[in-house]
Structures are given as structure tokens and as C-alpha cells.
Amino acid sequence: MLTPHQVRDIVEQHDRYFTERRDRLREMRRLYLTDFWSASEMPLYDGVLRTEVPKAYQTVESYLGSLYAKNPSVRVEPDVRDRGTPEVAEATANHYLLTIREQLEDATRLALIYPCSFVKMAPVENVDPLKRVSCAALPPWEVIVDATASSWDQQRFVGHVYLMPLSEVSERYGKDPEQFRSRAYSKWIETTTISGKQVMSGNDSTDSEQWIRVVEMFDLLSDKLLVWSPDFEDGDAFVFTGVKVQMGALDPNAGSDKETPDAEIAHETTGIPFKSASGQPVIPIIPVYFSRDPDTPLRGYSLVHRSMDQYRELNVLRTYQSQGVRRMARQWMVRAGFLSDDGAAKVAQGLDGEFIEVDLQPGLPLEGNIIPVPQAPIPGDIAAYAQTVQNDIADAGLLAPFTRGEVTKSTATEQNLLAAYTSSEIGRMARIRDSVITTIAFTYNVMLSVVLGDDAEPLALPNPVGPTILSADDLTGDFSYWAVDAGTTPMSDLAKQQSLERLAPILVQLGADPKLILEEMVRVFQLPENLAIPAPPPPEQAVPGQEGGAPLPPLPPEGVM
């Protein structure tokens, strides 16, 4: 198991890595926020009006809009060992994904601006067991990764670094507040290191608030969850080991937005409490890497950093062009004494229909007495160079033209296929997005199984499941999760539905049982089950004159036709 001194060394190495890159990360953030010139070394009050181009924002948000057109959802397929209930796992996962779309988009935005980002899922207290898992998007400097590992699953440890109020730390971990050395709240990205000390350039809290730096370290080799803080006993001991989880089903006598006063809180100390059906530990931190460093995959590579030089050039070029346009004023060179002070004032005022008196002998022309100041035009190479920079940004992004708002002749079907698993940048990112969505759904079901404990929770699911009782056994299984961005049927199932619809009349003509075909169509299209019940046959109409039928009408008299 990791010792407090080993955790200290890991945290210090993590801090050194990101401190050396803080200026670069700030510049990425300023480019996205269209705040590039705010930290420039040039004097801001030199009379030069600087102009910025929101190109980085446009690039990031165009990717984001293409990746998240609708609410994310998943399709869950059964366990090969027939464990758990995949229909129930699918319903609980989609219910949770519907509530965290904002956090998922925030994590994607961070991963596009910075080298990577993460999604942290943590147990919280709530009377509703389905709401006892929170979700938050984390920037890269808040997550400690094992940079020596070649993939996320081969790490020896994973950590989360954050600030927590002193009162909350004392209550959660049962420690005396006097044992901690508190600090003021600050955002890491906005602090500056001077002579080895961090100076806050932005503070959103009051001086009276006390905060503690907390490190949650998942020791994957020893299967331990360790809580360490440099502000607790000088970092020589762990603050806490394990995690506290509220367990049990919904209290019918409590409101859904209130905490249960007598909630059952379980303190898990035997190891990482979240484990898959096969016994493997599940880390509630999901990575979001859209690009990777080839030599150090877990460090990531930023989309904004890829085109940072081009973004700088666009801001410089646009400022140069704006200054050149503002210098193109209507100025005149006049022979001394040709215009009086009133005449010069009228020329400068530029009123329509104004009469201006000049000192000129009758019959003499105005030429030679007043001429416009010659203006050198802005070279055409400036506009050509700006277009070249724009093309460089477009080439680096590999975006399809329709994602940049350009009108193309592509159909809606082609655009949908481009955004789903095609050989393009959007298609590659869509695969990563789907991997994040499925991992979140899988992790939530694992955490929910721990939260439920031995209790059961009634649920009302749509057909074909219907009302059921949710238990931890329903969620315990190595299910296969497939992401469905638009909340619709996967492409393979859609093709199966179309084939069944086309073949149904042929099967009936060949002698297949129409009842079985109806049951299959109800199952494939996920229709209400009562549609598969055949309607009762219509009552037989009795023939007049027979038994049970109406009497025949009397015969007409003889001779009457």
C-alpha cells in the first residue's frame, strides 16, 4: 500500500508538471474566451485599439455542437453468463445520463481546450437512491495520473486533487479542525508562482473562509482508497481510508429533495468499494482524451494548442488591419492662408450644403491650393495571408464543411453518417464520446448496486419489462454497453427492423404463422405487448331459416308477383 510520503512525492511531481505548463494552459483558456490581449506584454493604454477573433471559440463549439446533437443514451445487451437484468440496467443508466448532459458537455469542452479532461462520479447523500451519485467535469490539473502507464487500465494509481471547506472535511472524516492548517480558496489556473510561493490573482471567497487541499488516491495495486492532505499533520498521515456511502432504498415518508435524518451510512474500508461483476475495481473517474501524446498517452494533446500559432496570427492580423482602416481618414493639405479658421473648421465638420470662403483671386483655379493627403493602401498580401491562416486552422481540424456553417450539397443522411463512426475527425471523436458515455453508464450501475445494498427499489419501466423491483442483483453483470447519441435504435437494429418489415408479407405467403410474425414485430419494434394478442374472431352471423337464425319472410299469395 502507498505510504503518506509516497503520496506526497506523487502529488509534488504532479504539481511540478502542471506548474511548468500553467502559462500555456492560460493562453489556451484566453484564446477560447476571446481574451487574448489581456495578458499581453504590450502596454494596454498606448492608444492602440486591439482586436481579437473568436476563432478558437468557434472551433471548439462547432465540435461540441456536432458531437452532442441530442441527449445521450445507451443500449445494454445481456451478460454472456446470464447475470443481472439488462433491461433494468439500461433503464437506470439512461435515467442517469439524461441528468448529466451538461457535465458531459463541460468535460468535452475542457478536453478540447486543454490536453484532456475527466468526469468524476462520487457518492452523495439523498433519499432517492437513483440520485446518490453526483457527476462533475474536472480539468487535467485536478487529476493525478500514472504517466508511466501506456493505457488507463494499466495504471498503478489514480488521484483527484481538490479544495474542500474545513468544516466539511471535519464532518466527513471525523477529524478535529485544529488538526488542519487551512488556506484561502484560489483557482489553480489563476494563481502565479513567485519565488516558490503561489500568489492568487483571482479569489472568489472571503478571507474568513477556510479551505483544505484534499487528495483522493486510488491505489490500484493494493485495492485501497486513501485520503491524504498536505494540510493534515504536515502530510505525515492519511486523513481517511475508504469511503462513506449512504445505503438503502427510498424512504416513502421523506421528500425527494431532502436528506434522510437517520440515513444508513456505511464506511467501506476493505478496499475500493466499487467493483464489477468479475471483481475488478471500478474507478469513478472517467478520462476524456480526444488526442494523445504519442510518447506519453495519459498526458493528452490539446485541439486548441494544435492551432495556437494560427490563432495568435489571426489576432495580430486583425489588429493590424483595424489600425490601417482607422488611419484612412479624409485629410487635406492646404496652402497656408488659403482657408480661414472658420473655413478649415467647416471642412473638418463636413456638413452637407455648406459654403466655404477661400482666399483666391477671381479666375484662378483651386488646383494646387488644396489636395487630399495620399493614402497608401493596405497590401493585398495581408488579406491573402489571413486566408492562408484560416485554411491552416481548417486543415488542422479536419472538420467537414457543414460543421463550420458552410453550405454544401450533402444530404442529411450523409451528415448523420459523417458524425457517426466515419473516417473523419468528427467520427473519431464520436467514438471517444461513445466510449465515455458507456463508461459512465457502466460506472453508475456499479455504484448504484453498492448504494442499494440489500434493499430493493420499485420501478415502473416501459414495456416489455413493465413494473419491477430494482435490486443490486439486477445491476450485477458484465453487460455490453452501446452508446446511442440521439436516443434512437442502433444502426444494426434499424436494419433488422427494415428487413423484418420487408419480409413479413413474403413469410405469410410462404405459410409462416402470422401470429408468430406479429409477436416478433412487437418485440423488434418494442411495441406494447398487448398488440401481440390477436383480436377475437367476429361472431358468426346465422343464416335466416336455419337454427338460431331469423325466420324466413312469409311467401306472397299465389298470383301475386
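Below you will find a few notes about this structure.

## Remarks on the nonpolar core
Ranked by internal contacts, the top residues of the largest apolar core, which has 92 residues, are F118 and I440. In terms of residues, this core owes the most to one element, helix α12 (residues 425–452), which gives 15 residues.

## Structural notes on the sheet that holds strand β5 (residues 157–165)
Note: strands within a sheet are paired through backbone hydrogen bonds, in either parallel or antiparallel orientation. Strand order across the open sheet formed by 5 strands is β4-β5-β8-β9-β10, with antiparallel pairing between neighbours. Of all strands in the sheet, those with a lone pairing partner are β4 (143–144) and β10 (240–241), marking the two edges. As judged from the 2 bridges shared by β4 and β5, these two strands associate in the antiparallel manner. Residue pairing across strands places V143 opposite H160, the latter belonging to β5. Docked against the sheet, helix α1 (residues 4–19) engages β4, β5, β8 (211–219) and β9 (224–228), running at close to 105 degrees with respect to β8. Here helix α6 (residues 166–173) sits on the sheet in contact with β5, β8, β9 and β10, set at roughly 120 degrees to β5.

## With respect to α6
Three or more residues of α6 are buried, namely L166, V169, S170 and Y173. Buried residues of α6 fall within an arc of 95 degrees about the axis and therefore sit on the same side. Facing away from the buried side of α6, by more than 90 degrees, are the exposed residues S167 and E171. Lining the buried residues of α6 we find β5, β8, β9 and β10. Phi for G174, located one or two positions after α6, is positive at around 65 degrees.

## Quick word on the packing of aromatic side chains
A full pass over the atoms with the stated rule returns 14 aromatic pairs. Plain terms: the ring middles of Y114 and W141 are 5.0 Å apart, the flat faces sit at 80 degrees to each other, and that makes the pair edge-to-face. With Y114 in the loop between α5 (101–113) and β2 (117–123) and W141 in the loop between β3 (133–138) and β4, the pair connects residues that are 27 residues apart, well separated along the chain. Since its relative accessible area comes to 5%, Y114 is described here as buried. On the numbers, 5.1 Å between centres and 45 degrees between planes, the contact of Y173 with F240 is tilted. Taken together, the residues Y173 in helix α6 and F240 in strand β10 connect sequence positions 67 residues apart. Exposure class is identical for Y173 and F240. Each is buried. The structure contains a cluster of three or more aromatic residues connected by ring pairs, namely Y17, F18, Y114, W141 and W188. One Lys or Arg, R22, reaches over the ring of W188 and ends 4.6 Å from the middle of that ring.

## Description of unusual backbone geometry
Of note, D82 is a non-glycine position whose phi angle comes to about 60 degrees, a positive value. Mapping D82 onto the fold places it in the loop between β1 (73–77) and α4 (86–99). Positive phi is not limited to glycine here, since D223 has a value of about 55 degrees. Positionally, D223 belongs in the loop between β8 and β9.

## What to know about the packing of helix α3 (residues 55–67) against α5
Think of two packed helices as two axes; the pair is described by the angle between the axes and how far apart they sit. α5 packs onto α3 with a crossing angle of 140 degrees between their chain directions and a minimal axis gap of 10 Å. For the element pair α3 / α5, the angle class is oblique. The chirality of how α3 crosses α5 is right-handed. For the pair α3 and α5, the contacting residues are V60, E61, Y63, L64 and L67 in the first and E105, T108, R109, L112 and I113 in the second. For the contact of α3 with α5, the per-class residue count stands at 6 nonpolar, 1 polar and 3 charged.

## Notes on the pairing of β9
The side chains of a regular strand alternate between the sheet's two faces. Most of β9 sits out of view: 4 of its 5 residues are buried. Connecting β8 to the next strand, β9, in antiparallel fashion are 4 residues, including D223 with a positive phi near 55 degrees. Judged from the 2 bridges that link them, β9 and β10 form a sheet pairing that is antiparallel. The residue of β10 that forms the bridge with L226 is T241.

## Quick word on the sheet that holds strand β13 (residues 285–288)
Read across the open sheet, the 3 strands follow the order β3-β2-β13; overall the sheet is antiparallel. Every other strand in the sheet has two partners, leaving β3 and β13 as the edge strands with one partner each. Here the average twist between neighbouring strands, direction ignored, is 20 degrees. Relative to β13, β2 runs antiparallel, the two sharing 4 bridges. Each residue of the ladder has a partner; that of F118, found in β13, is P287. Against the sheet, α5 makes contact with β2, β3 and β13, and its axis sits at roughly 20 degrees relative to β3, the strand it touches most. Against the sheet, α12 touches β2, β3 and β13, its axis set at about 15 degrees to β2.

## Concerning the side chain of T191
Among the secondary structure elements, T191 is positioned in strand β6 (residues 191–194). Polar side-chain contacts of T191 include one of 2.8 Å to the backbone oxygen of W188.

## Here's the deal with the pattern of salt bridges
Tallied over the full model, the rule gives 20 salt bridges. Its salt-bridge partner being R26, residue D23 comes within 3.6 Å of it at the nearest N-O pair. A residue pair is termed a helical-turn pair when its members lie 3 or 4 positions apart in one helix, as D23 and R26 do in helix α2 (residues 22–32) at 3 residues. Its salt-bridge partner being R181, residue D234 comes within 3.1 Å of it at the nearest N-O pair. Taken as a pair, D234 in the loop between β9 and β10 and R181 in the loop between α6 and β6 lie far apart in primary sequence, 53 residues in all. D234 gets classed as partly exposed once you look at its relative accessible area, which sits at 48%. In this structure R181 comes out as partly exposed when scored by relative accessible area, which is 45%.

Scoring rules and cut-offs
- Every residue gets a number counted from 1 within its own chain, in the order that chain's sequence is written.
- The predicted nature of this model means local features are confined to residues of pLDDT at least 70 and side-chain atom pairs, given and counted, to a pLDDT of 80 or more, with totals for whole chains, interfaces and linings taken over all residues.
- Side-chain figures throughout are based on the complete set of non-hydrogen atoms in the structure, without hydrogens or water.
- The nonpolar core is taken to be a set of buried Ala, Val, Leu, Ile, Met, Phe, Trp, Tyr and Cys residues, with the residues joined through side-chain atoms within 4.5 Å.
- Buried residues are those whose accessible area, probed at 1.4 Å on protein chains only, stays under 20% of the maximum for their type, while exposed residues exceed 50% and partly exposed ones sit between those limits.
- Each helix is a run of DSSP H or I of at least 4 residues and each strand a run of E of at least 2, with the numbering of both proceeding from the N terminus.
- Strands are labelled as partners when DSSP assigns at least two bridges between them.
- Note on definitions: a residue-residue contact is assigned when non-hydrogen atoms from the two residues lie within 4.5 Å.
- The convention used is that axes are lines fitted to C-alpha atoms, helices contributing only their stretch in contact, and that angles between N-to-C directions extend from 0 to 180 degrees.
- Taken from the helix axis, the directions to the C-beta atoms give the arc we talk about.
- What counts as a ring pair is set by centres within 6.5 Å for rings of Phe, Tyr and Trp (its six-membered ring), and what kind of pair is set by the plane angle: stacked under 30 degrees, edge-to-face over 60, tilted for all other angles.
- Here, a charge over a ring is recorded when the distance from Lys NZ or Arg CZ to the ring centre is within 6 Å and its angle to the ring normal is within 35 degrees.
- For classification purposes, an angle smaller than 35 degrees is called roughly parallel, one larger than 145 roughly antiparallel, one from 65 to 115 roughly perpendicular, and anything else oblique.
- Crossings are classed by handedness, with left-handed meaning an anticlockwise turn of the near helix from the far one by less than a right angle and right-handed meaning a clockwise turn.
- Under the convention adopted here, Pro, Cys and the residues Ala, Val, Leu, Ile, Met, Phe, Trp and Tyr are nonpolar, Asp, Glu, Lys and Arg are charged, and Gly plus all remaining residues are polar.
- Counting of polar contacts relies on pairs of N or O atoms within 3.5 Å, with two restrictions inside protein: one atom must be capable of donating a hydrogen and the other of accepting it, and residues adjacent in sequence are counted only when both atoms are side-chain atoms.
- The salt bridge criterion pairs a side-chain nitrogen of Lys or Arg with a carboxyl oxygen of Asp or Glu, the two atoms within 4 Å.

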